[in-house]
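Residue-level listing of the chains:
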Amino acid sequence: MGRVALASLFSVLLGLSVVMAEDPYLYFTWKVTYGTIAPLGVKQQAILINGQFPGPNINSTTNNNIVINVYNYLDEPFLLSWNGIQQRKNSWQDGVSGTNCPILPGKNFTYKFQVKDEIGSFYYYPSLGMHKAAGGFGGLRVNSRLLIPVPFDPPADDYTVLIGDWYTKDHKALQHRLDTGHSIGRPAGVLINGKSGKANEPLFVMQPGKTYRYRICNVGLKTSLNFRIQGHTMKLVEMEGSHTIQNVYSFLDIHVGQCYSVLVTANKKPMDYYMVVSTRFLKETITTTAIIRYAGSNQPPNPTIPKVPLGWAWSLTQWRSFRWNLTASAARPNPQGSYHYGQINITRTIRLVNSHKLVNGKLRYTLNGVSHSNSKTKTPFKLAEYFNIAKKVFDYNLMKDEPVASALVKIAPNVISAQHRTFIEIIFENPEKSIQTYHLDGYAFFAVGMGPGKWTPRSRKMYNLLDAVSRYSIQVYPNSWTAIMTSFDNAGMWNLRSGNWENQYLGQQFYISVVSEARSIRDEYNMPDNALRCGAVVGLPLPPPYTA
């Protein structure tokens, strides 16, 4: 055989090996439409995905490539975001207004991303306006590959439980209230997987003697919720992509945006039992239930429902019991080795104080005196930065790293810069009477400390620098502080926002620009070919691509 023929054969075999080695792809086609639902007995307009409320569950495995073609059949722009999926080097798929142009009515967009080390429980949700108040959310799980063991035996089944507060006004009415300077008020009820607890049919069924995994996510707008299962205990095994020390709980406080995994064993008398969800920190508690049935049971549940714990001090004590399982082989956050976070020097501290004020008679929420608004040019900040026109769209670092003593509120695009690969400490300080929650896109962070009052440098003595859980959302109790740490190694434009959607919509959020000076695809992917363009970048030539 000649050299040319041998070379050709080698090339073919090499190509086949690359194809065979490529990680699996999961393909989805989603049609986003309006539909009529009445989970609280009042007919209202909802956002459905393929006719479903909640939307379809994504069941993936580590290193799967996810391809989702989203068709927007609404009468307004639409985007989906992936709560907790880190999108390594790929903020192009984050699906928030600061990074992506919206999918216009009648158009479609295909999301392409790979799930990596975040083995655990997540969800997706619509990120524009008040769409989240209308549905459009669903569960997203990342399972471990067979070669990577998890620290518990395989359950008999794996159930997704989406809990959240719910309003009977549609999302446009709620958005109008916020736009005209009013709060959306207290919720009308609480839903479990889109239902309000009035049905007698079981939501889940368990075989006696077997153990089941329940992945519980609070997908609501603003209300912390307490979760329990009548007559049963829950073994916590995973939280937002991290395996935890397997403590046993009778009650779990799950704050807005958070996801927990628990194991429940069907070791009680075969009958029906209530799954119970109640609001926390409201003047009047709202409770809803769903039925868990032991297979073959015909005995209804005990009408006595376990009462919800009182006060936030109990909740803080529970949070302090959460610990990361350092002996588990997965899941680990990127970069590998950052679980030794207590030995990394802090290069920057950002202390954020939230507040709310009336500006020209309208309510605005702020962080360090800045209330975020989107660009008047309707250009996503990521696109403006990539096309080198950032100065025409926003100013960097209007918000300072320390709170400012000023009665004035700046309403402007709130974008700060962070040096690539720096290790940053962020302090959330909440002087108000309501609980706050926060979420950081693109990263898992270490929630190292919480305490009452104001944070001071002496508060670092209270930090857990060994086994704090690596996660993507965290709560801040009233008149208290919370500290997190993370390595800003994921280049891109990332959103840090209040989990309280009312606060987020009215300004309590900002974007963090993490730029790799090397402009290398080892640090960040180039803009995808199918990326939507809008605003000031329409018609501009592509800048030189990042290289290896």
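None of the values given here were measured: they were computed from a predicted structure.

### Describing the packing of aromatic side chains
Evaluated as defined, the whole model comprises 36 aromatic pairs. Residues Trp82 and Tyr111 carry aromatic rings whose centres are separated by 5.2 Å and whose planes lie at 85° to one another, so their mutual orientation is edge-to-face. Of the two residues, Trp82 sits in strand 5 (residues 80–83) while Tyr111 sits in strand 6 (residues 108–114), which places them 29 residues apart along the sequence. Classification of Tyr111 by relative accessible area gives buried; the value is 0%. Among the aromatic residues, those joined into a ring-pair cluster are Phe28, Trp30, Trp82, Phe109, Tyr111, Phe113 and Tyr124. We note Lys382 situated over the ring of Trp92; from NZ or CZ to the ring centre the distance is 5.0 Å.

### Remarks on the state of the cysteines
If you walk through the whole model with that rule in mind, you get two disulfides. Paired by a disulfide, Cys101 and Cys534 hold their sulfur atoms 2.1 Å apart. Its torsion about the S-S bond being -90°, the disulfide of Cys101 and Cys534 is classed as left-handed. Of this pair, Cys101 sits in the loop between strand 5 and strand 6 while Cys534 sits in the segment after strand 33 (509–515), placing them 433 residues apart in sequence. Accessibility assignment for this pair places Cys101 and Cys534 in one class, buried. A disulfide bridge connects Cys217 with Cys259, and the sulfur atoms are separated by 2.0 Å.

### Details of the confidence of the model for the protein
Averaged over every residue, the pLDDT of the protein is 93; residues scoring 70 or more account for 94%. Every residue in residues 333–337 scores below 50 in pLDDT, and together they form 11 contacts with partners more than four places removed in sequence or on other chains.

### Re the pairing of strand 14 (residues 234–239)
The buried fraction of strand 14 is high, at five of six residues. Of the strand pairs in this sheet, strand 14 and strand 16 (residues 248–249) are connected by two bridges, and their pairing is antiparallel. Considered in strand 16, the bridge of Met234 is made with Tyr249. Direction of pairing for strand 14 relative to strand 15 (residues 242–243): antiparallel, over a ladder of two bridges. Each residue of the ladder has a partner; that of Glu238, found in strand 15, is His243. Two successive antiparallel strands, strand 14 and strand 15, enclose a turn made up of two residues, where Glu240 displays a positive phi of approximately 55°.

### Topic: helix 3 (residues 312–320)
Residues Ser315, Leu316, Gln318 and Trp319 constitute the buried set of helix 3. For helix 3, the angular spread of the buried residues around the axis is 160°, confining them to a single face. Exposed residues lying more than 90 degrees from the buried face of helix 3 are Ala313 and Thr317. Along its buried surface, helix 3 packs onto strand 16, strand 17 (252–254), strand 28 (445–452), strand 29 (470–471) and strand 30 (473–476).

### Looking at the side chain of Ser375
When you line up the elements, Ser375 lands in the loop between strand 23 (370–372) and helix 4 (381–386). On the basis of relative accessibility, which here comes to 8%, the residue Ser375 falls in the buried class. A distance of 2.6 Å separates polar atoms of two side chains, one belonging to Ser375 and the other to Thr377. When residues no more than four places from it in sequence are discounted, the contact partners of Ser375 are Phe381, Val393 and Pro413.

Cut-offs applied
Residues numbered from 1 in each chain as written. Predicted model: local features only at pLDDT ≥ 70, side-chain atom pairs only at ≥ 80, totals over all residues. Heavy atoms only, no water. Phe/Tyr/Trp six-rings, centres within 6.5 Å; stacked < 30°, edge-to-face > 60°. Helix = DSSP H or I, 4+ residues; strand = E, 2+ residues; numbered from the N terminus. Buried < 20%, exposed > 50% of the residue type's maximum accessible area, 1.4 Å probe, protein only. Lys NZ or Arg CZ within 6 Å of the ring centre and 35° of its normal. Disulfide = S-S within 2.5 Å. pLDDT = per-residue confidence, 0-100. Contact = heavy atoms within 4.5 Å. Pairing = 2+ DSSP bridges. Arc of directions from axis to C-beta. Polar contact = N/O pair within 3.5 Å; in protein donor to acceptor, adjacent residues only side chain to side chain.

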